[in-house]
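So you can see what is in the structure, the chains are spelled out below.
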Amino acid sequence: MPGAGLILAIESSCDETAAAIVQRGSHTLSSIVASQISTHARYGGVVPELASREHLRAIVPVVRAALAQASITLADLDAIAVTSGPGLAGALLVGITYAKALAFATSLPLIAVNHLEGHIHAVLLNEHETELSKPQVSEARSFDKLRTGGHTHLYLARPTSGAWHYSLVGRTLDDAAGEAYDKVAKLLGLGYPGGPWIDALAKHGNPHAVPFAFSQIKTKLHLAGKAPRTKAAKTAPIANLDTHFLFSFSGIKTAVLRYVELHDLRPEAESRREALFTGPDAPARPTLEDALATCSQATLDLIASFQHAVIGDLMKKTFAAAEFLAARRILVTGGVAANRELRARFTAEATRRDLRVSFPTLALSTDNAAMIAAAAWPRFLNEEFAQSDLSADPSLALGA
Ligand code: KG4
Ligand code: ZN
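Residues numbered from 1 in each chain as written. Chains lettered and ligands numbered in written order. Predicted model: local features only at pLDDT ≥ 70, side-chain atom pairs only at ≥ 80, totals over all residues. Heavy atoms only, no water.

## A word on the site of ligand 1
Moving on, step 1. Around ligand 1 sit 18 residues, and of these His151, Asp182, Gly195, Asp199 and Gly335 come closest.
Moving on, step 2. Residue Asp182 places a side-chain N or O atom 2.6 Å away from an oxygen atom belonging to ligand 1.
Moving on, step 3. Here an oxygen atom of ligand 1 sits 3.5 Å away from a polar atom, N or O, in the main chain of Val336.
Moving on, step 4. Counting only elements with at least two residues in the shell around ligand 1, the list comes to helix H4 (115-132), helix H5 (177-187) and helix H6 (194-202).
Moving on, step 5. Looking at the shell around ligand 1 element by element, the count peaks at four residues for H6.
Moving on, step 6. Viewed by domain, the shell around ligand 1 spans two of them, domain 1 (6-137 + 364-381) and domain 2 (177-362), each represented by three or more residues. (Near = heavy atom within 4 Å. Polar contact = N/O pair within 3.5 Å; in protein donor to acceptor, adjacent residues only side chain to side chain. Helix = DSSP H or I, 4+ residues; strand = E, 2+ residues; numbered from the N terminus. Domains from an automatic or database assignment.)

## Observations regarding the environment of Phe359
Moving on, step 1. Secondary-structure assignment places Phe359 in the loop between strand E10 (356-358) and helix H13 (362-365).
Moving on, step 2. A sequence separation of 12 residues divides Phe359 from Thr347, and the C-alpha atoms of the two residues are 9.6 Å apart.
Moving on, step 3. If we skip the residues at most four places from it in the chain, Phe359 touches Val123, Asn126, Val332, Ala337, Leu342, Arg343, Phe346 and Thr347. (Contact = heavy atoms within 4.5 Å.)

## Some details on the environment of His153
Moving on, step 1. Its place among the elements puts His153 in strand E6 (residues 153-160).
Moving on, step 2. Since its relative accessible area comes to 15%, His153 is described here as buried.
Moving on, step 3. Separated by 15 residues in the primary sequence, His153 and Leu168 have C-alpha atoms spaced 7.3 Å apart. (Buried < 20%, exposed > 50% of the residue type's maximum accessible area, 1.4 Å probe, protein only.)

## Let's talk about the packing of aromatic side chains
Moving on, step 1. Inspection of the entire model under this criterion finds eight aromatic pairs.
Moving on, step 2. A centroid spacing of 6.2 Å and a plane angle of 80° characterise the contact between Trp197 and Phe277, whose relative ring orientation is edge-to-face. Of the two residues, Trp197 sits in helix H6 while Phe277 sits in helix H9 (residues 266-278), which places them 80 residues apart along the sequence.
Moving on, step 3. Accessibility expressed as a relative area gives 14% for Trp197, which makes it buried.
Moving on, step 4. Phe277 gets classed as buried once you look at its relative accessible area, which sits at 15%.
Moving on, step 5. Taking the centre distance of 5.7 Å and the plane angle of 80° together, the rings of Phe214 and Phe249 count as edge-to-face. Separated by 35 residues along the polypeptide, Phe214 in the loop between H6 and helix H7 (231-234) and Phe249 in the loop between strand E8 (246-247) and helix H8 (250-262) bring together distant segments of the chain.
Moving on, step 6. The class of Phe249 is buried, set by a relative accessible area of 0%.
Moving on, step 7. Ring pairing ties together the aromatic residues Phe214, Phe247 and Phe249, which thus form one cluster. (Phe/Tyr/Trp six-rings, centres within 6.5 Å; stacked < 30°, edge-to-face > 60°.)

## Describing helix H2 (residues 48-69)
Moving on, step 1. An ideal rise of 1.5 Å per residue puts 32 Å on 22 residues; H2 measures up with 29 Å between its terminal C-alpha atoms.
Moving on, step 2. The inward-facing, buried residues of H2 abut strand E1 (6-11), strand E2 (16-23), strand E3 (27-35), helix H1 (37-40) and helix H3 (89-106).
Moving on, step 3. One or two residues past the end of H2 sits Ser71, with phi positive at roughly 55°. (Expected span 1.5 Å × (residues − 1).)

## Here we look at the layout of surface pockets
Moving on, step 1. Empty space within the second largest pocket amounts to approximately 460 Å³.
Moving on, step 2. Residue assignment for the lining of the second largest pocket shows that the elements contributing at least two residues are H1, H6 and H9.
Moving on, step 3. Partitioned by chemical class, the residues of the lining of the second largest pocket number 12 nonpolar, three polar and two charged.
Moving on, step 4. When residues are assigned to domains, the lining of the second largest pocket turns out to be shared by domain 1 (6-137 + 364-381) and domain 2 (177-362), each giving three or more. (1 Å grid on protein atoms, 1.4 Å probe; cavity = no way out; pocket = protein on both sides within 12 Å on 5 of 7 lines; lining within 4 Å. Points joined across faces, edges and corners; volume = space filled by probe spheres on them. Nonpolar A, V, L, I, M, F, W, Y, C, P; charged D, E, K, R; others polar.)

## What to know about the pattern of salt bridges
Moving on, step 1. Within the structure shown, the criterion is met by 17 salt bridges.
Moving on, step 2. Residues Arg273 and Glu270 are paired through a salt bridge, measuring 3.7 Å at the closest nitrogen-oxygen approach. Separated by three residues within a single helix, Arg273 and Glu270 lie in helix H9, roughly one turn from each other.
Moving on, step 3. Using a relative accessible area of 22% as the deciding quantity, one classes Arg273 as partly exposed.
Moving on, step 4. Through salt bridges with shared partners, a single network forms among Asp175, Glu179, Lys183 and Lys253. (Salt bridge = Lys/Arg side-chain N within 4 Å of Asp/Glu carboxyl O.)

## Comments concerning the confidence of the model for the chain
Moving on, step 1. A residue-level look at the chain finds 86% of positions with pLDDT of 70 or above and a mean pLDDT of 87.
Moving on, step 2. Note that residues 131-149 has pLDDT below 50 and, in this model, 62 contacts with residues that lie over four places away or in other chains.
Moving on, step 3. Of the regions scoring below 50 in pLDDT, residues 217-236 engages in 35 contacts with residues more than four places distant in sequence or in other chains. (pLDDT = per-residue confidence, 0-100.)

## Side note on the sheet that holds E8
Moving on, step 1. On the basis of which strands lie adjacent, the open sheet formed by three strands has the order E6-E7-E8 and mixed pairing. Of all strands in the sheet, those with a lone pairing partner are E6 and E8, marking the two edges.
Moving on, step 2. As paired strands, strand E7 (residues 163-172) and E8 are joined by two bridges and run parallel to one another. Across the sheet, Thr172 pairs through a bridge with Phe247, a residue of E8. (Pairing = 2+ DSSP bridges.)

## Topic: the coordination of the zinc ion (ligand 2)
Moving on, step 1. Coordination of the zinc ion (ligand 2) by the protein comes from His115 (NE2), His119 (NE2) and Asp367 (OD), over a distance range of 2.1 Å.
Moving on, step 2. Counting the intervening residues between successive donors of the zinc ion (ligand 2) yields the motif H-x3-H-x247-D. Residue His115 is found in helix H4, and its partner Asp367 is found in the loop between H13 and helix H14 (370-381); the two are separated by 252 residues along the sequence. Of the two residues, His115 and Asp367, both sit in the buried class. (Donors = N, O, S within 2.8 Å, 3.2 Å for Na, K, Ca; no water.)

Below, the structure is given as structure tokens:
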């Protein structure tokens, strides 16, 4: 079915090898994700060399599976999209090289997609699919949006004449929120990625047990309700940003480390790592129950307090930015957006402020290729194709 608007997208920026077939950026025919979690779990983070090797191993079967699940062949495609950055150089290169070879062999156009733009489109893709299944849709799609996630950026996103325009309005000065989750999990002897472990264990602890504090740089500009809502403020370069929208997550990691040392929780963390991952009796796939059985109440309270503080800070700055920019709605996306407490608290605060907040489904929160195909669709329509010398850009920026 040539001309049906079928895009094959490939994503390999970090530790998931993913391929998807999406029609017209809004209808997912298939989405395959091969996770490398079991490869990296014992190291407490992604090992770049291992990631590239695993991508090499997985890329061909994953793309084949995406085509098979969609019941199409390469001849049915209209374009091939691929994540070109940001991410791990070697990991990105595997996807890019394979996508280029496929595009060359099939004479199809190649579309380069920014991974962060993909995460934004994960939310929009969900909405398209829900809307498609509704008999009547009249909702306007020209609204302002903000995004926060694994990389921890706040973007103002605006649809302009078929394409999307992004302005960076906030970011982290050091670690991303997801990185803080991963590092704290590693410190506590939990697996990688840390987010899901901390998410699940936090509900067994007291979130107010340890009062973690985030420092806030005050500026005169932003006093509640008195922020200017000018056009210039919406497009301000990062140097001119209100410091209220700058995050910093390296401090809380150090605070957790101090707490662990002060309360002598390190031996417990070491034996947890052994019991769950490195010891001779470690289970092949440790479960939440396995982890819970190794945690003292002090550790559970620490985990709950850490999560409560991180989400509180993400919320405070995101809602402040939304108010400052007079954004009509907030999109929260990326791996951290899968967090249950984050979803509940963002939703409650949005309701209180009469704002709309949206998240992708859990499957689309973490890395996948369907979001890359969705982000590629406006570029396909605008014929924004990549050249044959496309290469990986590990620090590719999005917007101004
Ligand atoms: O979207 P992603 O791959 O990162 C970027 O594109 O930057 O998200 C990965 C991050 C990891 O740090 C992981 O720990 C975190 O998302 N994550 C979570 C949860 N699930 C994944 N963080 C908190 N709660 C979760 N349920
Ligand atoms: Zn991601």
